[in-house]
Amino acid sequence: AVVSTQSTGDQSYVTTNSFGGLVTLLCWAGISLLLYSEIMDFLAPKMQYRYTVDKEAEKSLDINIDMTIAMKCSLIGADVLDIWGQDLGGTDSLKEELVPFELSENQKHFLKLQKEQKTGGLNGGAAALHDLMGDYGVHLVPRQDSGNEAPKDACRLYGKIPVSKVKGNFHILSGRSVKLPGMGHAHLQFGEVHRNFSHRIDGLTFGDRVGGMHYALDGEHRIAPISDYCFQYFIQIVPTLYLTDAVNVQTYQYTVQEQIRAVDHKAGSPGTAGILIKYEFSPIAAIVEKKQKNLSIFLARLLGIIGGIISTSGLINLVITEAFDWLCCFKKTESVKTEDVK
């Protein structure tokens, strides 16, 4: 390790000591650490977020629904109404299938993995989830096994309903939905019916589903403890454009708040038992862009790190060495003065 260089005529020599060696080791350790940090930062693309007014506010899109309700299909009806009171469709636009409400072991395992991955608690979750997805490569719950002998006591509603980008609500209530000319629709129910609005949301998206993305209500499972129970979901939808080097993807991400309560008019809790999904589109669109750092800037930063640490370590070494030499000389001078006095 170079500590100091002195010149005497035509000769030059170098002195070394343990302190200089320590400074050299610390210097290289610092260079290695900063180089590693800089390289990792360069290899990890940065996500930049921008916001703008949604320029496609007049464009329509589909609500993609896949839900299972713990009641027979003949006992429930589904509809979508927008803020203008326009009936956009429902049961007549969706497909119905009588299925078991009880989950198969394969479905339970899938939902467990999906929930852990959504909350960030699953290591290697993407690969494990992919093994179970099969044809449902966009994180939809697998269908029941053909050999499942559980009773078919639930109704699966699935399909698409086109809507405009305005406030609206999708609801599932007891009684079949019947269109009324010029008056929207009504839910007709005959006789006493045991209502059970326990449900599972296998998939709910606005716009086309994008493979590999998770949506807030996918895989959610709710159980109604009593007959007259109301499940309300308040959804705020944000148009989101993802820009990468490979592809540009338009999605509609959303956040959701829930309100779950028993309907009891005598106890001061009025309302209608059922599943109510109220949605609203944000006028502000988000643009998420993946940016890769410039290679020339990256190389300049690397050279700056190496040069800066070497220069700084040399300066620190010089200052400490000079201070150490001055202190030693000062002590020797004081010692000589003391001996002269004696």
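Here we come to the overall build of the protein. A count of helices and strands for the protein gives four helices and 17 strands. A separation of at least 24 residues holds for 76% of the contacts in the protein among residues at least 6 apart in sequence. For the protein, the accessible surface area stands at approximately 20,300 Å², while carbon and sulfur atoms represent 58% of it.

Below, the discussion takes up the sheet that holds strand S12 (residues 199-206). The five strands lie next to each other as S7-S8-S4-S12-S13, forming an open sheet whose pairing is antiparallel. Here the strands that pair on one side only, and so sit at the sheet edges, are strand S7 (95-99) and strand S13 (220-222). Strand after strand, the sheet turns through a mean of 20° between neighbouring axes, direction not considered.

In the structure shown here, the tally under the stated rule is one disulfide. Disulfide pairing places Cys 73 opposite Cys 155 at an S-S distance of 2.1 Å. Taking the sign of the torsion about the S-S bond as the criterion, the disulfide between Cys 73 and Cys 155, at about 100°, is right-handed. Pair noted here: Cys 73 is in the loop between strand S4 (61-69) and strand S5 (76-82) and Cys 155 is in strand S8 (residues 154-163), with a separation of 82 residues, a long-range link. We note that Cys 73, like Cys 155, is buried.

A word on the nonpolar core. Core analysis: the largest hydrophobic core is formed by 41 residues, its most contacted members being Phe 170, Ile 172, Phe 206 and Tyr 279. If you list the elements that add at least two residues to this core, you get S4, S5, S8, strand S9 (168-174), S12, strand S14 (229-243), strand S15 (248-262) and strand S16 (274-281). Residues contacting Ile 172, with those up to four places away along its chain left out, are Met 67, Ile 69, Ile 76, Gly 77, Ala 78, Leu 157, Phe 197, Gly 274 and Ile 275.

Moving on, we come to the pattern of salt bridges. Where side chains of opposite charge bring their charged atoms close, a pairing between them can arise. All chains considered together, the criterion is met by ten salt bridges. Between Arg 195 and Asp 228 there is a salt bridge, and its shortest N-O distance comes to 2.6 Å. Of the two residues, Arg 195 is situated in the loop between strand S11 (184-188) and S12 and Asp 228 in the loop between S13 and S14; the sequence distance between them amounts to 33 residues. With its nearest N and O atoms 2.9 Å apart, the salt bridge here joins Arg 222 to Glu 220. Connected through salt bridges with shared partners, the residues Asp 66, Glu 97 and Arg 156 form a single ionic network.

A residue-level look at the protein finds 75% of positions with pLDDT of 70 or above and a mean pLDDT of 76. When the elements of the protein are averaged for pLDDT, helix H3 (residues 125-133) gives the smallest value, 41, and S16 the largest, 92. Here residues 121-139 is modelled with pLDDT under 50, and outside its nearest four sequence neighbours on either side it reaches 35 contacts, counting other chains as well.

Here we take up the environment of Gln 107. Mapped onto the secondary structure, Gln 107 falls in helix H2 (residues 105-118). With relative accessibility at 0%, the residue Gln 107 sits in the buried group. Separated by 112 residues in the primary sequence, Gln 107 and Gly 219 place their C-alpha atoms 9.9 Å from one another.

What follows concerns the side chain of His 199. Tracing the backbone shows His 199 in strand S12. Within the local environment of His 199, its side chain forms a polar contact with the side chain of Tyr 233, the two groups lying 2.7 Å apart.

Bringing the packing of aromatic side chains into the picture now. For any two aromatic rings, the description comes down to two numbers: the centre-to-centre distance and the angle of the planes. Scanning the entire structure with this criterion turns up seven aromatic pairs. Ring geometry for Phe 206 against Tyr 254: centres 5.8 Å apart, planes inclined by 80°, an arrangement best described as edge-to-face. With Phe 206 in strand S12 and Tyr 254 in strand S15, the pair connects residues that are 48 residues apart, well separated along the chain. For Phe 206, a relative accessible area of 2% corresponds to the buried category.

Now for the pairing of S8. Across nine bridges, S4 lies against S8 in antiparallel orientation. In the strand pairing of S8, Met 67 is matched with Leu 157. With five bridges connecting them, S7 and S8 associate as antiparallel partners. Residue pairing in the sheet places Val 99 in a bridge with Ala 154 of S8.

Following the sequence through the fold, Tyr 229 ends up in strand S14. For Tyr 229, a relative accessible area of 15% corresponds to the buried category. It is 6.0 Å that separates the C-alpha atoms of Tyr 229 and Arg 261, two residues lying 32 residues apart in sequence. Excluding anything up to four places from it in sequence, Tyr 229 contacts Phe 197, Ala 224, Ile 260, Arg 261, Ala 262, Ala 273 and Gly 274.

Here we come to a nonpolar patch on the surface. Together, Met 47, Tyr 49, Tyr 51, Val 53 and Ile 284 make up a nonpolar patch on the protein surface, roughly 560 Å² of accessible area in all. If one sorts the elements of the nonpolar patch by residue count, strand S3 (residues 46-53) sits on top with four residues. Within the secondary structure layout, Ile 284 lies in strand S17 (residues 284-291). Judged by relative accessible area, Ile 284 falls into the partly exposed class, the value being 39%.

Quick notes on the rules
Residues numbered from 1 in each chain as written. Predicted model: local features only at pLDDT ≥ 70, side-chain atom pairs only at ≥ 80, totals over all residues. Heavy atoms only, no water. Helix = DSSP H or I, 4+ residues; strand = E, 2+ residues; numbered from the N terminus. Contact = heavy atoms within 4.5 Å. Areas by Shrake-Rupley, 256 points an atom, 1.4 Å probe, with all protein chains shown as cover. Pairing = 2+ DSSP bridges. Axes fitted to C-alpha atoms, helices over the stretch in contact; angles between N-to-C directions. Disulfide = S-S within 2.5 Å. Buried < 20%, exposed > 50% of the residue type's maximum accessible area, 1.4 Å probe, protein only. Core = buried A, V, L, I, M, F, W, Y, C linked by side-chain atoms within 4.5 Å. Salt bridge = Lys/Arg side-chain N within 4 Å of Asp/Glu carboxyl O. pLDDT = per-residue confidence, 0-100. Polar contact = N/O pair within 3.5 Å; in protein donor to acceptor, adjacent residues only side chain to side chain. Phe/Tyr/Trp six-rings, centres within 6.5 Å; stacked < 30°, edge-to-face > 60°. Patch = residues over 30% accessible without salt bridge, like charges linked within 9 Å, V, L, I, M, F, W, Y side chains within 5 Å.

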